[in-house]
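The residues making up each chain are set out below.
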Amino acid sequence: MSTNATFIQSKRSNADFVTPRQLLSIKDISRSLDIDAQSECQRLFDCDLRTLTVTTAARLIADLRARLIRQEAQNDDACEFSFER
């Protein structure tokens, strides 16, 4: 990490970082998707979950929710069957 990036990161207040509620949402949705939240954060944003900003955490939550909705829709489609009389 460059000196400038370190300086900028050190200037952030705790309010700039992911909130406990956001972390809980990320972990819960990730568990539902059967993926590792930390690995997903590293893959998408190249950082640790606890160093996400509030805004980036919100983007991750939105992405995970969209994936969960798609997965649930696919599961619903796979479970549909017809009854013949």
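As a starting point, this report considers the structure included with it.

Conventions used here
Residues numbered from 1 in each chain as written. Predicted model: local features only at pLDDT ≥ 70, side-chain atom pairs only at ≥ 80, totals over all residues. Heavy atoms only, no water. Axes fitted to C-alpha atoms, helices over the stretch in contact; angles between N-to-C directions. Helix = DSSP H or I, 4+ residues; strand = E, 2+ residues; numbered from the N terminus. Parallel < 35°, antiparallel > 145°, perpendicular 65-115°, else oblique. Left-handed = near helix turned anticlockwise from the far one by under 90°. Contact = heavy atoms within 4.5 Å. Nonpolar A, V, L, I, M, F, W, Y, C, P; charged D, E, K, R; others polar. Buried < 20%, exposed > 50% of the residue type's maximum accessible area, 1.4 Å probe, protein only. Polar contact = N/O pair within 3.5 Å; in protein donor to acceptor, adjacent residues only side chain to side chain. Core = buried A, V, L, I, M, F, W, Y, C linked by side-chain atoms within 4.5 Å.

## Focus: the packing of helix α2 (residues 20–33) against helix α4 (residues 54–79)
And step 1. Packing of α2 against α4 leaves a shortest axis separation of 10 Å and a crossing angle of 25 degrees. Relative to α4, the element α2 is oriented roughly parallel. The element α2 and its partner α4 pack so that their crossing is left-handed. Packed against α2, whose contacting residues are Gln22, Ser25, Ile26, Ile29, Ser30, Ser32 and Leu33, the element α4 presents Val54, Ala57, Ala58, Leu60, Ile61, Leu64, Arg65, Arg67, Leu68 and Gln71 at the interface.
And step 2. For the contact of α2 with α4, a count of residues per class yields ten nonpolar, five polar and two charged.

## Quick look at the environment of Leu60
And step 1. Looking at the secondary structure, you find Leu60 in helix α4.
And step 2. Residue Leu60 is classed as buried on the basis of its relative accessible area of 1%.
And step 3. Once the C-alpha coordinates of Leu60 and Phe45 are considered, the two residues, 15 residues apart in sequence, prove to be 9.0 Å apart.
And step 4. With near-sequence residues (within four places) excluded, Leu60 lies in contact with Ile26, Cys41, Leu44, Phe45, Leu49 and Leu52.

## Here's the deal with the packing of helix α3 (residues 37–45) against α4
And step 1. Viewed as axis vectors pointing N to C, α3 and α4 meet at an angle of 110 degrees, and their least axial separation amounts to 12 Å. Relative to α4, the element α3 lies roughly perpendicular. For the pair α3 and α4, the sense of crossing is right-handed. For the pair formed by α3 and α4, the contact residues are Glu40, Cys41, Arg43, Leu44 and Phe45 on the first element and Thr56, Arg59, Leu60, Asp63, Leu64 and Arg67 on the second.

## Some details on the side chain of Glu40
And step 1. Mapped onto the elements, Glu40 comes out in helix α3.
And step 2. A distance of 2.4 Å separates the side chain of Glu40 from the side chain of Arg67, its partner in a polar contact.
And step 3. Apart from residues lying up to four places away in sequence, Glu40 is in contact with Ile35, Leu64 and Arg67.

## Observations regarding the nonpolar core
And step 1. Counting residues in hydrophobic clusters, the biggest one holds 15 residues, and the most contacted among them are Ile26, Ile29, Cys41, Leu49, Leu52, Leu60 and Leu64.
And step 2. Only α2, α3 and α4 provide two or more residues apiece to this core.
And step 3. Ranked by residue count, the leading element in this core is α4, at five residues.

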